Structures are given as structure tokens and as C-alpha cells.
Amino acid sequence: MSTPAMKKIRKSHRSEATELEMQVAQVLYDLEQNSKNLKTSLTGFVINHAREVEVTPTKSCVLVQYPLRFMRKVHKVQKALVAELEKKLHKNAVFVAQRKISVNRSATSQRSRTMKAVHEAYLDDICYPSEICSKRVRQLTDGSKHLKVFLDQKEKERAGGKLDSFVAAYNKLTGRSVSFGFMSSAALQQVSV
């Protein structure tokens, strides 16, 4: 089935697009055709993957991955994209740029391709446009680490209901545990060393 919306999905010839990916592509195509504000930003924009991530047994979110080269375009219109996708699919939506982790650890490897840099970039993408005020790493007695991320208090109304979706999306992408909260006091944002 070749529809004009299928041009919004970038897949290899060996893999077929899933039903969810076709729905997301159709929403993006409709936005490009019907919205004058988004037409220039969505022209040429494609997605790599769209997956459904289970948040709770009764709730799920849509994790959309797109090529890294479109990050600036997406950030300009991300609020509108997320709002439209959530309206059409009736689920929380999270947009994340596709990144690659370099396997070799040579001195010439790029810093942006290390595992730590990619995981931090995923965290920034998941939370965008909310600003991360603080990150705390808690070392547990069994040797595992737990990351606690504090977002700006001003974004509580917009991102308050999505925190569990952020946790599930980050866990799906990285396999690490994280919890989100809101920083209430401006004095707590600056940690003295």
C-alpha cells in the first residue's frame, strides 16, 4: 500500500512499516498539507521508528524517533507536533532524535557518540521543551545507580501528566532507571561544590 503519507517513513527495503508508524506518518502528512505554519518545517521531514511503550498496564505512550539532522526543525514545532499527535492517537507522544553509540573506544572517537553522551542527549530530547534544572545520581548499596532529574517548576502544568511517560521512554531507550520531579526553589538549583 503506497500512500503519500508513506514518504514520511524512512525504512530499509527489508522492513515493513508497522500500523503505528503508518498512523504517525499520516498525522504528519495531514499536518504538512493542512497547516500553513507547519508546512515549511515538515517538508522533507521523515521518521525512523514509532513504537508503543507501556507506561502502566492500562496506559501507553508513543515514542517517535527521527533522524538527528532534523532536530532543529523538530524543536521549532515540537509543541504543535506533540499536541496534534496526542489528539489523534489519544496517547502521550515523545519525540527523540536517533543517535548511534560508537563501539570502539579509541582516542579519536567522537564525544557525542559515547554511551554517556547519547544517554544524556536522549534525556534532553525526552524532556524538551522543558528545561532540566538539576540531575542527581544516587548510588545504591547493591552497586546500581538511580538518576533523579528535576525539571523547571514553570513546566509543571504542561509536563506534569507526562512524567511517567518520560520514565518509560528513557527506560526503553537506555535500560536505566530514572525518576522525574520538579525543582520548587531557585536556591536549590545551584549546588555549591
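A brief structural summary. (Residues numbered from 1 in each chain as written. Predicted model: local features only at pLDDT ≥ 70, side-chain atom pairs only at ≥ 80, totals over all residues. Heavy atoms only, no water.)

1. Brief notes about the side chain of Ser-165
Right, so step 1: Relative to the helices and strands, Ser-165 is located in helix α6 (residues 163–174).
Right, so step 2: By relative accessible area, which is 0% here, Ser-165 ends up buried.
Right, so step 3: Aside from chain neighbours lying at most four places away, what touches Ser-165 is Val-55, Lys-59, Cys-61 and Asn-92. (Helix = DSSP H or I, 4+ residues; strand = E, 2+ residues; numbered from the N terminus. Buried < 20%, exposed > 50% of the residue type's maximum accessible area, 1.4 Å probe, protein only. Contact = heavy atoms within 4.5 Å.)

2. Some thoughts on the sheet that holds strand β5 (residues 145–152)
Right, so step 1: The strand order across the open sheet built from three strands is β4-β5-β6, with neighbouring strands paired in mixed fashion. Pairing within the sheet leaves two strands with one partner each, and these edge strands are β4 (132–139) and β6 (178–183). For this sheet the average axis-to-axis angle between neighbouring strands, irrespective of direction, equals 25 degrees.
Right, so step 2: Two strands pair when backbone bridges link them, and β4 and β5 are joined in this way by seven bridges, in the antiparallel orientation. (Pairing = 2+ DSSP bridges. Axes fitted to C-alpha atoms, helices over the stretch in contact; angles between N-to-C directions.)

3. Points about the pairing of β6
Right, so step 1: Buried residues dominate β6, accounting for five of its six residues.
Right, so step 2: Taken together, the six bridges between β5 and β6 define a ladder with parallel strand orientation. Pairing of Lys-148 across the sheet is with Ser-179, part of β6.

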